[in-house]
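Spelled out from the first residue to the last, the chains are:
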There are 2 protein chains.
Amino acid sequence: MSLKIKDIAEKANVSVATVSRVLNGSDKVSQETREKVMEVIEKYNYQPDKIATSLRRKKTGIYGIIFSVKGGKVLEDTYSTKFLKGVLNYLSKKGLKLIVDIHESSDIVEYYDSVIQSKIIDGFILLDLRKNDERIKFLNQKKFPFVVIGRNDENDFVYVDSDNVSGAYMAIKHLEELRCKRVLYISGNEGIPVSEQRLRGVESASNDLNVSVDVVYGDFDEEKTVEILKSILKKGFDYDGIFCASDTMAYAAIKFLKRFGIEVPIIGYDNIPLSEVVGLTTVDQNIIKIGYSAAQALDKMVNGEEVVSLVVPSKLVKRQSTLNFSKRYFK
Amino acid sequence: MSLKIKDIAEKANVSVATVSRVLNGSDKVSQETREKVMEVIEKYNYQPDKIATSLRRKKTGIYGIIFSVKGGKVLEDTYSTKFLKGVLNYLSKKGLKLIVDIHESSDIVEYYDSVIQSKIIDGFILLDLRKNDERIKFLNQKKFPFVVIGRNDENDFVYVDSDNVSGAYMAIKHLEELRCKRVLYISGNEGIPVSEQRLRGVESASNDLNVSVDVVYGDFDEEKTVEILKSILKKGFDYDGIFCASDTMAYAAIKFLKRFGIEVPIIGYDNIPLSEVVGLTTVDQNIIKIGYSAAQALDKMVNGEEVVSLVVPSKLVKRQSTLNFSKRYFK
DNA sequence: TTGTACGCGTTATCAC
DNA sequence: GTGATAACGCGTACAA
């Protein structure tokens, strides 16, 4: 049996109220009694029961992330882990906890509702934002605290987002520095925010830097990417640089083109572990930082502080898939 | 304001006790009143407050995993995510929750203690088992429920482990089928359970199958692996097959040896995403299954059921890094 | 500055 | 089969 606040009170010859005050740093306790109580607390290594505290305070100090499962694909990449790592870096510093959960994306709103009603969680971090995301309408209407990773056109929530525009811009700029003139951009799915933002960065760089860019939609899919390249090859491949909206697409492109003896500078997006191994130049989104910032924002929000949305800068990681070509021109 | 059990009781013209009985499936409720109560519950979509329930029941329905951080390296691989996925597959089916946490490995036992005292968690899953693991002594002494991933010589806990012995055995057997006679085994760190188990599998296969195997310790480290190969090259490389205790080591070996024009069948361990991409034959531990089983075992344990330790079979995933060589002999 | 007593929302024990 | 009520461990309004 572990000690309760009552036991500590008795041992210190004070009331439970006083022990509670000491525990919660109230200033209405004399130095003397505070020390006396602290001594007993430390002697017995007393720690308050968080469940009882939560019931009383109506706050648990636990935040939640629900990964929505669509067709079994979830939690298999390093994006998730890195993100969690960032979130946990913040929370563990603050003595807060994180519940990680998964649920079918079909009745996801009902699930959020049930979790809220069960009262175990003080706030959510939302991943995989979609256009017209029902979760956001629901949480806003419930006035339940949440922070979103990514953003869309509707501006009715606090978000932490990766700077996709400048990330894509940097990629095209790097190709331009390698003297590329005709670049192929294989985008992600049309119509989703991430794709639109990266496309905007590509177009902006294309205009600024006088690089011609053709855009095709590879849907973040390796096979689709290969299909696209196949049909381009039929018409004749005359690009001198490729930028892909994901590393996996980029790697698929490299492998495929190699079979036809085509080697051009190529850049991916995400900096997955594979990219370091194979030497793929890529845009790193700093996911850990994004996770950290999201947790911080959510925590502030729950504690009534003012919170602003945030865009986390990406950085270009230059590797052999482009640097090999710089030698052609510069050495 | 969400409804409380009292509100439901009033609306259904029964006592809170009866509502509670309906909620918890007690058989001492007449069919009639049960239906009446259920109607109200569903009408208002009532859900009990889990915090209050936890306080009363002295159980939260939350389990915990604490990743211990040593030098910043944690939660960056797909092992962690896949494992979490397995755990969550089980827990979400049961309406249970998982707290994921990180903490410095230096004062890890004190941290477990504080989490236990705070009463938010019903049981732990332990990763990164070490020899003489202090956490196990501590949890055993506290009689706090836990399940361990991996095992060591001391047999004082319930574990779920990967079948490293037969995993390694399969790898050597596959090499033997490719007519390899002199195999190099680059092991993990000497003295840790995983390494010892895999080594046992290697030696057992070597005996059974009449394959000669030389063992060196690469410590799961890519650079160390390359160093080893360098010194072997100096003396003359005469192996016709390589088995590595990790995929990353195997890939480092392939890259290094290629520079010297050496290509032999090579097998890794873990089946990381990279391996599929580069076509590395490897042993897949079925981490998701391990996570699932661990969660299940822990849940049973917490609910007082008998629990036995478990060894989850691995399987060999054959890819080009070995299959390319089968053609030499068989076609 | 300190103590008493109530309430948080539920479950379990006891009467009826 | 059902209801009243104590108890879980803590925080805090109020009284002193």
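Residues numbered from 1 in each chain as written. Chains lettered and ligands numbered in written order. Predicted model: local features only at pLDDT ≥ 70, side-chain atom pairs only at ≥ 80, totals over all residues. Heavy atoms only, no water.

Asker: Run through the interface of chain A and chain B, naming residues and quoting values.
Answerer: Contacts between the two partners involve 47 residues from chain A and, on the opposite side, 47 residues from chain B. Here chain A packs against chain B, burying approximately 4200 Å² in sum over the two surfaces, 62% of which is carbon and sulfur. When the buried area of chain A at its contact with chain B is split by residue, Ile 51, Lys 85 and Lys 97 of chain A rank highest and sum to 15% of it. Applying the counting rule to chain A against chain B returns 4 salt bridges. Where Lys 85 of chain B meets Glu 76 of chain A, a salt bridge forms, and the shortest distance between an N and an O atom there is 3.0 Å. At the surface where chain A touches chain B, the tally comes to 22 residue pairs in polar contact (both at pLDDT 80 or more). For the side of chain A that touches chain B, the secondary structure elements donating two or more residues are α4 (50–57), α5 (78–93), β2 (97–104), α6 (108–118), α11 (247–258) and α12 (273–278) of chain A. Counting residues per element, the side of chain A that touches chain B draws most heavily on α5 of chain A, at 9 residues. (Contact = heavy atoms within 4.5 Å. Buried area = accessible area lost by both parts, 1.4 Å probe. Salt bridge = Lys/Arg side-chain N within 4 Å of Asp/Glu carboxyl O. Polar contact = N/O pair within 3.5 Å; in protein donor to acceptor, adjacent residues only side chain to side chain. Helix = DSSP H or I, 4+ residues; strand = E, 2+ residues; numbered from the N terminus.)

Asker: Outline helix α13 (residues 287–302) of chain A, supporting the account with residue identities and numerical values.
Answerer: Residues and elements named next belong to chain A. Taking 1.5 Å per residue, 16 residues should reach 22 Å; α13 reaches 23 Å between its end C-alpha atoms and fits that length. Every buried residue of α13 is listed here: Ile 287, Ile 290, Gly 291, Ser 293, Ala 294, Ala 295, Ala 297, Leu 298, Asp 299 and Val 302. Looking at the packing, one finds that the buried side of α13 touches β1 (62–69), α5, β3 (123–126), β4 (146–149), β5 (159–162) and β11 (310–312). Just past α13, the residue Gly 304 takes up positive phi, approximately 80°. (Expected span 1.5 Å × (residues − 1). Buried < 20%, exposed > 50% of the residue type's maximum accessible area, 1.4 Å probe, protein only.)

Asker: How would you sum up the sheet that holds β2 of chain A? Please name residues and give values.
Answerer: Strand order in the open sheet formed by 12 strands is β11(A)-β5(A)-β4(A)-β3(A)-β1(A)-β2(A)-β2(B)-β1(B)-β3(B)-β4(B)-β5(B)-β11(B), and the pairing between neighbours is mixed. Edge strands, defined here as strands with exactly one partner in the open sheet, are β11 of chain A together with β11 (310–312) of chain B. In this sheet, adjacent strand axes meet at a mean angle of 25° when their direction is disregarded. Taken together, the 3 bridges between strand β1 (residues 62–69) of chain B and strand β3 (residues 123–126) of chain B define a ladder with parallel strand orientation. Bridge pairing in β3 of chain B links Ile 65 of chain B to Ile 125 of chain B. (Pairing = 2+ DSSP bridges. Axes fitted to C-alpha atoms, helices over the stretch in contact; angles between N-to-C directions.)

Asker: Lay out the relation of the copies chain A and chain B with the relevant residues and their values.
Answerer: Least-squares fitting of chain A to chain B yields an RMSD of 0.1 Å, with the superposition described by an axial translation of 0.0 Å and a rotation of 180°. One copy is carried onto the other by what is essentially a two-fold rotation axis. Looking at the rotation axis and the C-alpha trace of chain A, the residue lying nearest is Ile 99 of chain A, at 2.2 Å. Most of the interface of chain A is mirrored in chain B, where 100% of its interface residues again form contacts. (Least-squares fit on C-alpha atoms with pLDDT ≥ 70 in both.)

Asker: Hey, could you go over the protein's contact with DNA strand D for me, with residue numbers and the actual values?
Answerer: The environment of DNA strand D is formed by 28 residues, the closest being Ile 5, Tyr 46 and Arg 56 of chain A together with Thr 18 and Arg 21 of chain B. Between DNA strand D and Thr 18 of chain B, the relevant distance is 2.6 Å, taken from a phosphate oxygen to a side-chain nitrogen or oxygen of the residue. Where the surface near DNA strand D is concerned, the elements lending two or more residues are α2 (16–23) and α4 of chain A together with α2 (16–23) and α4 (50–57) of chain B. It is α4 of chain A that contributes the most residues to the surface near DNA strand D, 5 residues altogether. (Near = heavy atom within 4 Å.)

Asker: Before we move on, could you go through the packing of aromatic side chains and cite the residues and values that matter?
Answerer: This model, assessed by the stated rule, comprises 18 aromatic pairs over all chains. Ring geometry for Tyr 112 of chain B and Phe 124 of chain B: centres 4.7 Å apart, planes at 75°, overall edge-to-face. Of this pair, Tyr 112 of chain B sits in helix α6 (residues 108–117) while Phe 124 of chain B sits in strand β3; the two residues are 12 residues apart in sequence, bridging distant segments of the chain. Since its relative accessible area comes to 0%, Phe 124 of chain B is described here as buried. Ring geometry for Phe 256 of chain B against Phe 260 of chain B: centres 5.1 Å apart, planes inclined by 50°, an arrangement best described as tilted. Stacked on the ring of Tyr 269 of chain A, the Lys or Arg Arg 198 of chain A has its end atom at 3.6 Å from the ring centre. (Phe/Tyr/Trp six-rings, centres within 6.5 Å; stacked < 30°, edge-to-face > 60°. Lys NZ or Arg CZ within 6 Å of the ring centre and 35° of its normal.)

Asker: An account of the pattern of salt bridges is needed here, citing residue identities and associated values.
Answerer: Should the charged atoms of two oppositely charged side chains come close, the side chains can pair. All names here are of chain A. This model, assessed by the stated rule, comprises 26 salt bridges over all chains. Across the salt bridge formed by Lys 70 and Asp 128, the nearest N and O atoms sit 3.7 Å from each other. Linking Lys 70 in the loop between β1 and α5 with Asp 128 in the loop between β3 and α7 (134–142), this pair joins segments that are 58 residues apart in sequence. A relative accessible area of 47% places Lys 70 in the partly exposed class. Notably, a salt bridge pairs Glu 134 with Arg 130, separated by 3.9 Å at the nearest N-O pair. On the basis of relative accessible area, Glu 134 is assigned to the partly exposed category, the value being 36%. Classification of Arg 130 by relative accessible area gives partly exposed; the value is 45%. Here the residues in one salt-bridge network are Arg 182, Asp 214 and Asp 238, joined through shared partners.

Asker: Describe helix α11 (residues 247–258) of chain B, listing the residues and the values that go with them.
Answerer: Working note: α-helix, 3.6 residues per turn, so residues spaced by three or four point in the same direction. With 12 residues, α11 of chain B should reach 16 Å at 1.5 Å per residue; the first-to-last C-alpha distance of 16 Å fits that figure. Among the residues making up α11 of chain B, those that are buried are Asp 247, Met 249, Ala 250, Tyr 251, Ala 252, Ala 253, Phe 256 and Leu 257 of chain B.

Asker: Mind laying out the environment of Leu 310 of chain B, listing which residues take part and the relevant values?
Answerer: Residues and elements named next belong to chain B. By the secondary structure assignment, Leu 310 is in strand β11. Looking at Leu 310, the relative accessible area reads 36%, which means it is partly exposed. A C-alpha to C-alpha distance of 20 Å links Leu 310 and Phe 144, two positions 166 residues apart in sequence. If we ignore the near neighbours within four places in the chain, the residues touching Leu 310 are Tyr 159, Val 160, Asp 161 and Ser 293.

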